[in-house]
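# Results of the structural survey
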Amino acid sequence: AVAFADESQVIGGYHNGKIRRWKIEDGQQQGPTMQASGKIFSVVVSQDGQRIVTGARGGRATVWDAATHGKVLEFTEHCSDVMGADISSDSTKVVSVDWNHARIFSIASGKRLLPPLPHPHVSGVKFSPDGSRFATVSRDHGCLVYSTHNGSILFDSGKKGSTNSLSRTPLTWSSDGQQLFVGSQGKITCFDISKSISSEWSIHENKPRVPVASNGRFVACAAGSSVSLWDCVSHKQIGGTIIHATEINCVALSPSGRYLACGSADGKIAVHNLKDVLPSKYFDNSVGEHVAFGSTEHDGTITQDFTALSPSLPSLIERSKAQAAKGLWELALQDANEVCIGILLV
């Protein structure tokens with residue numbers, strides 16, 4: 001599983017139950033490794049940056065302190081593996097799903113806020129942007145949208161939108177919370193919740209697992225070893241297809257949507273700067289270059305691959321260092337912003 005902590009750090013959850021935070025700039029691990037009860041199926045970071053929540057094998061959803069990486073509390077009511085989890089936009093609630101139910105808890109106390117909400121073979125869950133609703137998606141029983149307040153079902157797609165697999169992060173919302181995008185074999189289905197209508201379009205590969213992520217302007221979807229990007233309004237592909245050497249298990253977008261993280265079957269995470277493949281209108285400002293790094297599932301060794309970096313990057317780094325040494329901080333930061341996320345301290 002993979003998620004962004006902010007625009008400069010990414011968090012990976014691994015088969016051996018370890019959770020690690022990586023700095024995108026240089027691929028270095030940040031803070032101690034967290035250890036969950038089993039294989040990590042989902043990881044998410046609260047919008048206030050204070051908490052990390054993971055869903056794992058053995059029916060455990062765990063809340064971690066994002067600063068210390070210490071365990072804050074653990075939800076143990078699930079009867080099977082926790083396939084998905086999410087945190088509300090106000091950072092007060094956690095929703096998590098196992099094979100048959102969704103459960104919603106207080107992130108502060110761990111108290112369950114609603115009775116278990118049934119949805120057979122559920123594999124993913126996502127709060128709406130305003131936190132008033134959350135959606136679940138099933139392998140073979142479509143999508144449901146629940147009220148966060150009382151658990152009532154606000155939308156039911158029937159069988160339509162079923163993922164037909166246990167894909168990681170198979171659903172995502174539009175920025176206004178009116179549309180729900182679901183990835184399934186060979187296609188993306190878009191549900192207009194307010195009108196109770198749907199549409200679908202074919203994607204670049206006909207593979208069973210299709211994890212998706214969105215910043216409200218575009219959807220990133222992985223199929224097999226590649227990722228394609230789609231405009232949320234026109235449903236047309238934008239940019240080129242991003243190719244990896246191994247199968248992609250999960251995807252995530254940074255808060256601004258500029259960076260795409262792909263978790264691969266070989267236990268590595270690759271982070272792409274989407275300014276290399278998308279028109280500028282899809283993000284605010286151009287920053288950085290592509291950086292790829294990875295960790296093995298077992299020993300956490302780190303490898304870096306800078307072969308995809310722009311040829312101008314080394315000269316920009318050296319010029320930024322020279323300007324900083326002379327006290328020319330404004331010029332140094334201008335060059336640094338073209339190299340990395342935010343301000344590069346050199």
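Residues take numbers from 1 onward in each chain, read along the sequence in its written order. Note on the predicted model: pLDDT of at least 70 is required for a residue's local features to be given, and 80 or more for side-chain atom pairs to be given and counted; whole-chain, interface and lining totals, by contrast, use all residues. The side-chain figures draw on all heavy atoms in the structure; neither hydrogens nor water molecules are used.

The name recorded for the protein in an unreviewed UniProt entry is Anaphase-promoting complex subunit 4 WD40 domain-containing protein, from Pisolithus tinctorius Marx 270.

### Regarding the environment of Lys187
Secondary structure elements follow DSSP: runs of H or I no shorter than four residues count as helices, runs of E no shorter than two count as strands, and numbering proceeds from the N terminus. Structurally, the position occupied by Lys187 is in strand β19 (residues 187-192). Throughout this description, buried means an accessible area under 20% of the type-specific maximum (1.4 Å probe, protein chains only), exposed means over 50%, and partly exposed covers the range between. Taking relative accessible area as the criterion, Lys187 reaches 27% and is therefore assigned partly exposed. Sequence separation between Lys187 and Ile203 is 16 residues, and the spatial gap between their C-alpha atoms is 5.0 Å. Any two residues whose heavy atoms approach within 4.5 Å are treated as being in contact. Once you skip the residues sitting within four places of it in the chain, Lys187 turns out to touch Val182, Glu200, Trp201, Ser202 and Ile203.

### Let's talk about the side chain of Ser106
Looking at the element boundaries, Ser106 is found in strand β11 (residues 101-106). Classification of Ser106 by relative accessible area gives buried; the value is 14%. Nitrogen and oxygen atoms within 3.5 Å of one another constitute a polar contact, given that in protein one can donate a hydrogen and the other can accept it, and given that sequence-neighbouring residues count only through two side-chain atoms. Polar contacts involving the side chain of Ser106 include one to the main-chain amide nitrogen of Ser109, which spans 3.2 Å. The contact partners of Ser106, leaving out residues within four places of it in the chain, are Phe75, Thr92, Lys111 and Leu113.

### Observations regarding the sheet that holds strand β10 (residues 93-97)
A pair of strands counts as paired when DSSP detects no fewer than two bridges linking them. Spatial ordering of the open sheet is given by β9-β10-β11-β12, a layout of 4 strands whose pairing is antiparallel. Both outer strands of the open sheet, β9 (84-87) and β12 (117-118), are each paired with one neighbouring strand and no more. Where β11 and β12 come together, 2 bridges link them in antiparallel fashion. Bridge assignment links His101 to a residue of β12, and that residue is Pro118.

### Observations concerning the layout of surface pockets
By rolling a water-sized probe across the atoms, one finds the places where empty space is left. Lining residues are defined by having an atom within 4 Å of a point belonging to a cavity or pocket. Those points lie on a 1 Å grid over the protein atoms alone, cavities being sets where a 1.4 Å probe fits but cannot get out and pockets being open sets with protein on both sides within 12 Å along at least five of seven lines. Grid points are joined across faces, edges and corners, and a volume is the space filled by probe spheres set on the points. As a volume, the largest pocket reaches approximately 1100 Å³. Mapped onto the lining of the largest pocket, the elements with two or more residues apiece are β1 (2-4), β5 (40-45), β9, β13 (122-127), β17 (171-173), β21 (212-214) and β25 (248-253). Residues are sorted three ways: Asp, Glu, Lys and Arg are charged, Ala, Val, Leu, Ile, Met, Phe, Trp, Tyr, Cys and Pro are nonpolar, and all the rest, Gly among them, are polar. In terms of residue class, the lining of the largest pocket is made up of 25 nonpolar, 17 polar and 4 charged.

### Thoughts on empty space enclosed by the protein
Across all of its chains, the model carries 2 cavities of 30 Å³ or more by this definition. Taken as a whole, the largest cavity spans an internal volume of roughly 160 Å³. Lining the largest cavity are 17 residues, with Ala1, Gly13, His15, Asn249 and Ser264 positioned closest to its centre. Counting residues per element, the ones that place at least two in the lining of the largest cavity are β2 (9-13), β25, β26 (259-264) and β27 (268-273). Considering only residue class, the lining of the largest cavity consists of 6 nonpolar, 7 polar and 4 charged.

### Points about unusual backbone geometry
Located in the positive-phi region is Ser91, a residue other than glycine, with phi close to 65°. Residue position: Ser91 is located in the loop between β9 and β10. Among the residues examined, Ser91 registers a relative accessible area of 9% and is labelled buried. The phi angle at His121 is positive, at roughly 60°, despite the residue not being glycine. For His121, the location among the structural elements is in the loop between β12 and β13.

### Comments concerning the pattern of salt bridges
Definition used for salt bridges: Asp or Glu carboxyl oxygen within 4 Å of a side-chain nitrogen of Lys or Arg. Throughout the structure, instances matching the rule amount to 12 salt bridges. Residue Arg51 is joined to Asp65 by a salt bridge in which the shortest nitrogen-to-oxygen separation is 3.5 Å. Taken as a pair, Arg51 in strand β6 (residues 51-56) and Asp65 in strand β7 (residues 60-65) lie far apart in primary sequence, 14 residues in all. Measuring nitrogen to oxygen at the nearest pair gives 3.2 Å for the salt bridge that ties Asp140 to Arg139. Given the relative accessible area of 22%, Asp140 is considered partly exposed.

### Describing the pairing of strand β20 (residues 197-202)
Summarising the sheet, β19 and β20 pair through 6 bridges and their orientation is antiparallel. Looking across to β20, one finds that Thr189 is bridged to Glu200. The antiparallel pairing of β19 with β20 creates a hairpin that spans 4 residues between the two strands, and Ser196 there sits at a positive phi of about 55°.

### Digging into the nonpolar core
Among buried residues, the Ala, Val, Leu, Ile, Met, Phe, Trp, Tyr and Cys ones that are joined through side-chain atoms within 4.5 Å form a nonpolar core. The biggest cluster of nonpolar side chains holds 17 residues, and the ones touching the most others in it are Phe218, Val227, Leu229, Val251, Leu260, Leu274 and Leu278. With near-sequence residues (within four places) excluded, Leu260 lies in contact with Phe4, Ala220, Val227, Ile242, Val251, Ala252, Leu253, Ala270, Val271, His272 and Leu274. Ile19, Met34, Ala56 and Trp64 belong to the second-largest nonpolar core, a separate cluster that totals 14 residues.

### Examining the packing of aromatic side chains
What counts as a ring pair is set by centres within 6.5 Å for rings of Phe, Tyr and Trp (its six-membered ring), and what kind of pair is set by the plane angle: stacked under 30 degrees, edge-to-face over 60, tilted for all other angles. Inspection of the entire model under this criterion finds 7 aromatic pairs. Between Phe134 and Tyr146, the ring centres sit 5.2 Å apart and the planes meet at 25°, which makes this aromatic pair stacked. Placement of Phe134 in strand β14 (residues 133-138) and of Tyr146 in strand β15 (residues 143-147) is noted, with a sequence separation of 12 residues between them. For the pair Phe134 and Tyr146, one class covers both residues: buried.

### Things to note about the environment of Ser42
With respect to the helices, strands and loops of the structure, Ser42 is situated in strand β5. Since its relative accessible area comes to 8%, Ser42 is described here as buried. Those residues within four positions of Ser42 in sequence are excluded, and the remaining contacts are Ala1, Val53, Thr54, Gly55, Val82, Met83, Gly84 and Ala85. Only 3.4 Å separates the side chain of Ser42 from the backbone nitrogen of Ala85, close enough to count as a polar contact.

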